[in-house]
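Analysis of the macromolecular model
The chain contents come next:
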Amino acid sequence: EAGGVAPGRTVMVGDSLHDMAAGRAAGMAIVAVLTGIAGHDDLAPAADVVLPDISGLGAWIDARRAV
């Protein structure tokens, strides 16, 4: 709980399978963005959601809070 925030209340945003693995290992929610060389089909199995870019992150977080 670095910084006083539990990993389950944090989000890892990345564009590679290495990013997805690191976030998952830390117990974080995983958001993949298609800004790197990995494609949707590569990232989707390792992520909670795949977004075209970071601009959709706020709406995704808001939707999770509503659940």
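Quick note: structure is the one above.
Just so it is clear, the structure is predicted and the values come from calculations on it, not from any experiment. (Residues numbered from 1 in each chain as written. Predicted model: local features only at pLDDT ≥ 70, side-chain atom pairs only at ≥ 80, totals over all residues. Heavy atoms only, no water.)

Turning next to the environment of M20. Note on placement: M20 falls in helix α1 (residues 17-25). A relative accessible area of 1% places M20 in the buried class. Through-space distance from the C-alpha of M20 to that of A47 is 6.5 Å; in sequence the pair is 27 residues apart. Once you skip the residues sitting within four places of it in the chain, M20 turns out to touch G14, D15, I30, V31, A32, L43, A46 and A47. (Helix = DSSP H or I, 4+ residues; strand = E, 2+ residues; numbered from the N terminus. Buried < 20%, exposed > 50% of the residue type's maximum accessible area, 1.4 Å probe, protein only. Contact = heavy atoms within 4.5 Å.)

The next point concerns the sheet that holds strand β2 (residues 29-33). The strand order across the open sheet built from three strands is β1-β2-β3, with neighbouring strands paired in parallel fashion. The sheet terminates laterally at β1 (11-14) and β3 (49-51), the two strands that pair on one side only. Each strand of the sheet is rotated relative to its neighbour by a mean of 25°, with strand direction disregarded. Where helix α3 (residues 57-66) meets the sheet, its contacts fall on β1, β2 and β3, and the angle it forms with β2 comes to roughly 155°. (Pairing = 2+ DSSP bridges. Axes fitted to C-alpha atoms, helices over the stretch in contact; angles between N-to-C directions.)

This part is about the nonpolar core. Counting residues in hydrophobic clusters, the biggest one holds eight residues: M12, M20, I30, A32, A38, L43, A47 and V50. Each residue touching V50, except ones within four places of it in the same chain, is listed here: A32, L34, H40, L43 and A44. With seven residues, the next largest nonpolar core counts A29, V31, V49 and W60 among its residues. (Core = buried A, V, L, I, M, F, W, Y, C linked by side-chain atoms within 4.5 Å.)

Scope: geometric values only; no functional claims are made or implied.
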